[in-house]
Amino acid sequence: MPKMKTKRGAAKRFTKTGSGKIKRSKAFTSHILTKKSTKRKRNLRKSGLVDPSNASAIRKILPYL
């Protein structure tokens, strides 16, 4: 059986943590930043975790993650 292909767009967006969870970056940071508060922008810089309900779908498109 041939190797499975990884969805390259997803591979650039998600990484795996040491405990096996999937780490992601937060949205709403690219433009229209003047109306967002400094506190909100600072919290958006931090990484987040993928919700367990979506994690199984991401594992399917990233077979070697």
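One structure accompanies this document, and this report is about it. Remember, predicted model here, so these are calculated numbers, not experimental data. (Residues numbered from 1 in each chain as written. Predicted model: local features only at pLDDT ≥ 70, side-chain atom pairs only at ≥ 80, totals over all residues. Heavy atoms only, no water.)

1. Considerations on the pairing of strand S2 (residues 22–25)
Then step 1. Judged from the 3 bridges that link them, strand S1 (residues 14–16) and S2 form a sheet pairing that is antiparallel. When the sheet's bridge partners are listed, Phe14 is paired in S2 with Arg24.
Then step 2. Turn length for the S1-S2 hairpin, with the two strands adjacent in sequence and antiparallel, is 5 residues, and the turn residue Gly20 shows positive phi of about 100°.
Then step 3. Sheet topology places S2 next to strand S3 (residues 47–49); 3 bridges connect them, and they run antiparallel. Of the residues in S3, the one forming a bridge with Arg24 is Gly48. (Pairing = 2+ DSSP bridges. Helix = DSSP H or I, 4+ residues; strand = E, 2+ residues; numbered from the N terminus.)

2. Examining the side chain of Lys36
Then step 1. Along the chain, Lys36 turns up in the loop between S2 and helix H2 (38–45).
Then step 2. No salt bridge is formed by the buried Lys36. Its closest oppositely charged neighbour is Asp51, at 21 Å.
Then step 3. Of note is the side chain of Lys36, whose polar atom sits 3.4 Å from the backbone oxygen of His31.
Then step 4. Leaving out residues up to four positions away in the same chain, Lys36 has contacts with Phe28, His31 and Lys41. (Buried < 20%, exposed > 50% of the residue type's maximum accessible area, 1.4 Å probe, protein only. Lys, Arg positive; Asp, Glu negative; His and termini not counted. Salt bridge = Lys/Arg side-chain N within 4 Å of Asp/Glu carboxyl O. Polar contact = N/O pair within 3.5 Å; in protein donor to acceptor, adjacent residues only side chain to side chain. Contact = heavy atoms within 4.5 Å.)

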